[in-house]
Structures are given as structure tokens and as C-alpha cells.
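Fold and geometry: a report
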2 protein chains.
Amino acid sequence: MTDAILKNYAKLVAVSGVNVQKGQPIIIAADISAAKFARLVQEACFDAGASDVFMNWRDEVSARTHYLKAADEIFDQFPDWLVQRAKHYDDKGVGYVMIYSDNPDNLNGVDPDRIKRFAKISREKTTETAALRMSNKLRWTICAVPSPSWAKKIFPDLDECAAVEKLWERILKASRADGPDPIAEWKAHRESFVKRVDYLNEAQFDKLRFKNSLGTDLVLGMPKEHIWKGGGSVDKDGLYFHPNMPTEEIYTAPDANRADGKVVASLPLSYQGSLIDGIEIDFKDGKAVSYKAKEGDAVLKSIVEMDEGSARLGEVALVPNASPINQMKTLFYNTLYDENASCHLALGKAYPTSIVGGAEMSLEELAKRGVNHSLTHVDFMFGTEDMCIWGIDADGNETLIFENGEYKF
Amino acid sequence: MTDAILKNYAKLVAVSGVNVQKGQPIIIAADISAAKFARLVQEACFDAGASDVFMNWRDEVSARTHYLKAADEIFDQFPDWLVQRAKHYDDKGVGYVMIYSDNPDNLNGVDPDRIKRFAKISREKTTETAALRMSNKLRWTICAVPSPSWAKKIFPDLDECAAVEKLWERILKASRADGPDPIAEWKAHRESFVKRVDYLNEAQFDKLRFKNSLGTDLVLGMPKEHIWKGGGSVDKDGLYFHPNMPTEEIYTAPDANRADGKVVASLPLSYQGSLIDGIEIDFKDGKAVSYKAKEGDAVLKSIVEMDEGSARLGEVALVPNASPINQMKTLFYNTLYDENASCHLALGKAYPTSIVGGAEMSLEELAKRGVNHSLTHVDFMFGTEDMCIWGIDADGNETLIFENGEYKF
């Protein structure tokens, strides 16, 4: 990739992604293998007026060694200084940029119990900072760049250089960052969501029914005054940002207590360095009452059983077959990409902003309204080319809103 | 360099350097360009029994951008979470491994005032954690690995690969890590210092006089009950460690109030990414009363004027011409290496352990005994091939202890 294209992508992340404001501090979290691009984002953030850019480096190679070799009690500990660090920047209104380049197989063979315990304590200790982002009080964005290990996982038959180059092409195309003016393209993209989001918000279906030939047959109850969103978010001050780049989904939270039926995942899920494939879950009254995976069953169990809310749904998202990412017919082993190729659900925490006034509600009020709470939030894909979805109103009238993987409205 | 040699060097750093103990946490601070070696040290620390290894990555490229582009007030701030982080690990008895690979020119052209202000606030806020290391309460070690930018600075006529390879050879030779059993070699090296250190400690000279053809003519008063050290240190529990790898010096602290005469530096000094060359300092009653540098004069000024103690001496170290690093006739632009090629002095903080009982004394008691205090500690080299040094006792009797750059005892 040429430097000019990478600079354009970095500027897109700073401007359209996290929308850096003058005098704002920014945190960039990146693996050291993504240093070249992370530095370009740093420059772009300063150019957009950032006062300070904290580079939060991680290294997945030494992280794997840590999981394999550290003392066992370490995985039940989350140092206070990490909480204080988050608070230090959150109090200054920081913007978060997360650059993903993860090797999907990085933690293969690591004791899933260590992953589960550390994930749990981390989420418990970072509830406060995570809530600021999930309720749009702070702006944030996630984007991706290739790493050799990730690229080789997707394109195992290519040599490393060719695989990285091909993944760059896919990423830049999917992120609408390969043209001369990505920022204008994202503005147009954002606006393209408005009509569909408005339709669903006005319809206020009481239930959605999903059915396809893979075996999914699921009815989700919808909370009163639920809000569908898509094409980006708006923070508490009215500033837009794009939490995910790319984004092709229209999403909201289903009722945590009203999911019934079966869901069969259509794509494998790469979760913290482990692959989970062949997921099937049966829901009753909102709860996953039985579940299994052909591969990574123990990791799926660690997700579902993390807490009370992790066995319930926190997100439902619609993505049409026409999504440019779906059209690539590429399994990315990366949720940011794969979830934007396919209709998906998430186990765990719902965005409080999924219902009217939700950002200001207590956890108790949200629970009463059916908005799920959990320490975790894990997306998995269940969309297919023959997916059909019906909206059902309170009187039981059905409207076909999605047919053979495409919007009907 | 072969993987086997690098692994041997990494093991040396873990075992002979910081001397990892079973169940001890370790912090490894490294630039991301040194990731390959830092990961080997991480493995070696775990193999030696570390409970947890925190990888503290930095990136000098984005650090330069930060110095150039961050808001001006940032350089007067040192976030509390960094203090809390140090305390978190210090309370657990952490061992520190610092891996240097710095580009000597990294901060060229950066406003020296920004460097000075941030250095000052950093040192103020890290006094407590630094004191634990300077008084040998916590074990620590500094070692080095090549980076392309550093290697090209030393060997500008070689291509990048050849320069890195040549610097690796020098580093491994200087660090006595190129043989089959570096740990045994370091044990022998440590023991070789004993006789000379004992001689100087028994002599308890009242003054030292330094003279050479470069223009140095300096008399340093020595504190009562001063302690010369060399070949490594011993922590509060009696565990050895090597703060510097390599180490060729025998050193102690001169009296902060009794330095008189002129010192002319014999090598340039690379300080936080800036080069200072052609240093000349006149001392009177321990204080630098006039000073200049042909290059980097403003940076020298920022060091000398940081606080009251930074204009006084905190270390005097003897290094013979026979030092293998001196024999390489290579200017490393790196204090860890250059100071072990040449007799040197340090402006600023003295090691409290330089006098009997010093580790347990208050700053006031130390000051009364002539042991310097400052937020900074900056070594500079003044040894030459014709350096002569006399020890002078309280009655004025002179003993030649160093002639034409070699020990006389």
C-alpha cells in the first residue's frame, strides 16, 4: 500500500472515526506489529488538534507467553493502576482509537480457564470506563490493519507479503478508504442509513422472527421504545463518530427476557485468540438453555457462563447480502469484519442507548425495560443468503422485512 | 546473530543481570524495535521463576512526534497513574530490566525546554521508585541491543544490515555474552574486581587528583567512609545483581562540596536523544561555576541547571584503557557503553550506598556527609590514554594510582 493511501486511511480514522476535537487527548491502542499505521494515526490525531496522544502498545506474541507461563493467580488480578489510568484519561474526555490486527489463533492451546478468569476480572474492573463508551459519553472507534499472522490465516495459500497486501486491499475497500476522499464517502455512507433506521424505529415491532435453511428459527421480543441505529453514533454533545470502521449493520437490543427458539451460527467466531465454530444455541424466555460448538466448546461455555447476563442477548443486527464485506466472500476471523458481512446477535451487555432515555437510566431501570446487563458482549454471526425476517406487531400482524438476505423496505 | 546466542544473552540478563527470584514480578522496558530480544528476556525471566512479566513498551518514533506536536502544557505534567504503576510493582519487590536501543539523534531539533521540563517533572514524581533502585532495595539491570538507527549512527558507512550485525558483535563481546557460558564468565568478571576495590576502600584517600593532556586538572574531595564498588551490586537481602551490562568501572561518590579545577570531556554524550559534545566545566567548592559545550550547549545547560544538586558531582568512576570496550575504539553514542570505555564523572544524584550506612540515612544526613542529592544523574566521560590520578591522604601524601590510563596497584 502506498503511503498516501495509508495516510488517507489514518486521517479517516482520526476525523470520521473518533472525530478528534481541538485540545482533546486520544489513546491509541495497537499491537506493536501495527506500529507503522498507528504512528500515522497519531500524526493525524495531532493534525486534527489533539493535545496529547497516548500510545498504548500491546504485543500479542509476549501476551501468549504470559498466558502460558505466568503464575496462575495472576489471572485473577487486575492492577488498580490500570483502572486509574483509564480514569485519568476518561476525566479529560479522551477519545479511544483501537487498531485491531490480531492473529486469530494467538491463544490456541492456552488454558481457557485462564482466559475466562482474566476476562471476567478485567471486565469487572473496567465497568466504569466501558460504560462511558457504551453510552456514547466518550467517542471511540475500532479499525483494523493486517498483520502477517492474520493475513496468512485468511489467505493460507499466499506467501506472507502477498497475503498482507491482499488483506490491505480488502480492508481498505471494506472501510471505504481506497478512494480519493474517504471522509466524504463516509458522510454519504452515514446518510444512506437514515431511511431504513427511521422505518424500523417508526414500526416499533413487538417481535422479530428469524428463519433460514441452516436451522435458525428464533423469535425475539423487542423492548418498548427501542431504538435502531446504524451508520455511526452521536455523543452526548451531538458530535458524530463511528465506533466501527467498517460498519454495515442496523442494530438495537432485543428484550433480554423474550428470546425463544433456536439459532445456528453461520460463521466461526474468533474470540480472544481462540476460534469457536459450529455454534448452536436454544433460547427459552431470553436465556440460552442449551448450547454447543463443534470447535471451541469450552471457550463458548466460558462466554455463556461468565455471569447471569452473558446467557442472554444484548444486540440484534441486520446486515444485507449486498454488504460489500459479504460480497468479498472472505471469512476474516475477526468480528469487526465478519459481523458486517452477516446478520448477527450478541450475548451479554446491551447498549443502554438502545432504548429512549436509556443512557440516563440505572442498571435496575434498564433491567426492568429488558435491556440486558453483563460484563461481556460477544457478537456471533447467523445471517445467510436465504435469511428471512418478519416484524410482528402487538396484535400479531406479520410484515416480511428481510427476504433471502435483503431488506424488503 | 543466531537464536542460540541471543537466548544465551537473554538468560544472562535475567540471571546475572536482574537475578530473577522465584515468584518475583519483573518489568521489562524496551523499545518496540527491540521486541525480538525483549521477548527472549521475558521467556528467560519466566524460566528463572518470575510470577509475572510486565512488558513496558515504548516507541521512540512516536515519542519524537509527541515531543514535536503535543500541546505545550503536557510537558509540565506527569500522570499520577504512572506513579501508581511504579508503586504497584515496587510493593511486590519487582525487578527492573531496561533494554536500550536508542537512536542517539532521536530528539534532535526538539525544543530543549520541552525535554528539560518533562525530565524535571518526571524525576520529581519518580523520586520514590528511583530511590529504591539507587539504594539497592530493588534489583535492576540495564543492557543494550542494536536498533538500525543506532547502528547506522555508529557505522554510517555500512548498510543497515551490516551495521546492525557489527553492533551486535560489539555488544555481545563487550557484554561477555559471546562465549558458551556467559553466566560463568560474569561470575569470574565480578570476582576480578575484588582486589582493586578492597585496595581503594582500605586506602580511604581524602582527595583524588586527575590530570591529562586534554586540559583536565581536577581535585575531588572524598567523603569520610566512602565505599568504592565495581563488578556488580548486592541488594538488601544479599542477592547480587549487575545494574549495568557491560560494567568495567570502579566507582564511588566524591564530596559534593569539594571539587576544584577544570574537567574537559573526552567523548561526546548522548542524552535523551540529543548529542552534547566538547564539554568543559570549571568547579569551585564542588559546584560547576562555568561550563560550555561546543554542540548541545542548551541541553547541557538544562542538565546543570535542573536543580541545586545537578551542578555538583554524584559519581566518580575509574575505567582503565585495557577495558575491552575502550579497546574497540568505537564511539557508541550511548552512556552505558561509552562510560565503560573511559574514566567518568556524573553530575547530580549520588548513590546513597557510596558511604557506610548511607542506604539508611535521610537526605539531610547524606547532605551533611557530602553525598549529593538531585533529581538527575548524568554521566560524562573524561578519561584519556594519558590520564593520571593521584590519591592524596589527609596529610597531603600523594600516591600515583593511575598512570597513562592504567591502574598502578
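Residues numbered from 1 in each chain as written. Chains lettered and ligands numbered in written order. Predicted model: local features only at pLDDT ≥ 70, side-chain atom pairs only at ≥ 80, totals over all residues. Heavy atoms only, no water.

Glancing now at the overall build of chain A. Each helix and strand in chain A was counted, giving 14 helices and 21 strands. By its C-alpha atoms, chain A is 55 × 50 × 45 Å across when sized along the principal axes. For chain A, the proportion of its 409 residues judged to be buried stands at 57%. Pairs at least 24 residues apart make up 74% of the contacts formed inside chain A by residues separated by at least 6 positions. Accessible surface for chain A amounts to roughly 16000 Å². Of this, 51% is attributable to carbon and sulfur atoms. One way to put it: in chain A the 49 positive side-chain charges average out to a point 1 Å from where the 62 negative ones average out. (Helix = DSSP H or I, 4+ residues; strand = E, 2+ residues; numbered from the N terminus. Buried < 20%, exposed > 50% of the residue type's maximum accessible area, 1.4 Å probe, protein only. Contact = heavy atoms within 4.5 Å. Areas by Shrake-Rupley, 256 points an atom, 1.4 Å probe, with all protein chains shown as cover. Lys, Arg positive; Asp, Glu negative; His and termini not counted. Charge placed at Lys NZ, Arg CZ, Asp CG, Glu CD.)

Chain A puts 29 residues into the contact, and the matching count from chain B is 29 residues. Approximately 2600 Å² of surface area, both sides summed, lies buried where chain A meets chain B, with 60% of it carried by carbon and sulfur atoms. Of all residues in chain A, the largest losses of buried area upon contact with chain B belong to A:W57, A:K69 and A:W81, amounting jointly to 23% of the total for that side. One can count six salt bridges joining chain A with chain B. A:D47 is paired through a salt bridge with B:K69; the nearest N and O atoms lie 3.3 Å apart. At the boundary of chain A and chain B, one finds ten residue pairs in polar contact (both at pLDDT 80 or more). At the level of elements, helix 2 (35-47), strand 2 (52-58), helix 3 (60-69) and helix 4 (80-90) of chain A are the ones that each hand at least two residues to the side of chain A that touches chain B. Class assignment for the residues of the side of chain A that touches chain B results in 14 nonpolar, seven polar and eight charged. (Buried area = accessible area lost by both parts, 1.4 Å probe. Salt bridge = Lys/Arg side-chain N within 4 Å of Asp/Glu carboxyl O. Polar contact = N/O pair within 3.5 Å; in protein donor to acceptor, adjacent residues only side chain to side chain. Nonpolar A, V, L, I, M, F, W, Y, C, P; charged D, E, K, R; others polar.)

The next subject is the packing of aromatic side chains. For the structure on display, the rule yields 31 aromatic pairs over all chains. An aromatic cluster is present here, built from A:F54, A:W81, A:Y89, B:F54, B:W81 and B:Y89 joined pairwise through their rings. The aromatic ring of A:Y240 is capped on one face by A:R190, whose charged end is 4.0 Å from the ring centroid. A:R209 extends its terminal NZ or CZ atom over the ring of A:W390, reaching a point 5.7 Å from the ring centre. (Phe/Tyr/Trp six-rings, centres within 6.5 Å; stacked < 30°, edge-to-face > 60°. Lys NZ or Arg CZ within 6 Å of the ring centre and 35° of its normal.)

This paragraph deals with the state of the cysteines. This model, assessed by the stated rule, comprises zero disulfides over all chains. For the unlinked cysteine A:C161, the closest cysteine sulfur is that of B:C161, found at 15 Å. For A:C161, a relative accessible area of 63% gives the class exposed. With no disulfide of its own, B:C45 lies closest to B:C143 among cysteine sulfurs, the gap being 9.9 Å. Residue classification places B:C45 among the buried residues on the basis of a relative accessible area of 0%. (Disulfide = S-S within 2.5 Å.)

Right, let's get into the environment of B:L239. Residue and element names in this part refer to chain B. In this fold, L239 is placed in the loop between strand 8 (233-234) and strand 9 (240-241). For L239, a relative accessible area of 25% translates into the label partly exposed. When the C-alpha atoms of L239 and R139 are compared, they prove to be 8.5 Å apart, with 100 residues separating the residues in sequence. For L239, the contacting residues outside a window of four places in its chain are N19, Q21, R139, S233 and V234.

Residues and elements named next belong to chain A. Counting buried residues along strand 16 (residues 313-318), six of its six residues qualify, which places the element largely inside the surrounding structure. Here three bridges tie strand 10 (residues 250-252) to strand 16, and the two strands are oriented antiparallel to one another. Following the sheet pairing, I250 is matched in strand 16 by L318. Pairing between strand 16 and strand 17 (residues 344-348): four bridges, direction antiparallel. Bridge assignment links V316 to a residue of strand 17, and that residue is L345. (Pairing = 2+ DSSP bridges.)

With that settled, consider the environment of A:I28. All names here are of chain A. Mapped onto the elements, I28 comes out in strand 1 (residues 25-31). The exposure class assigned to I28 is buried, which follows from its relative accessible area of 1%. A C-alpha to C-alpha distance of 7.4 Å links I28 and Q42, two positions 14 residues apart in sequence. The residues contacting I28, other than those within four sequence positions of it, are A38, V41, Q42, C45, V53, F54, M55, N56, V97 and I99.

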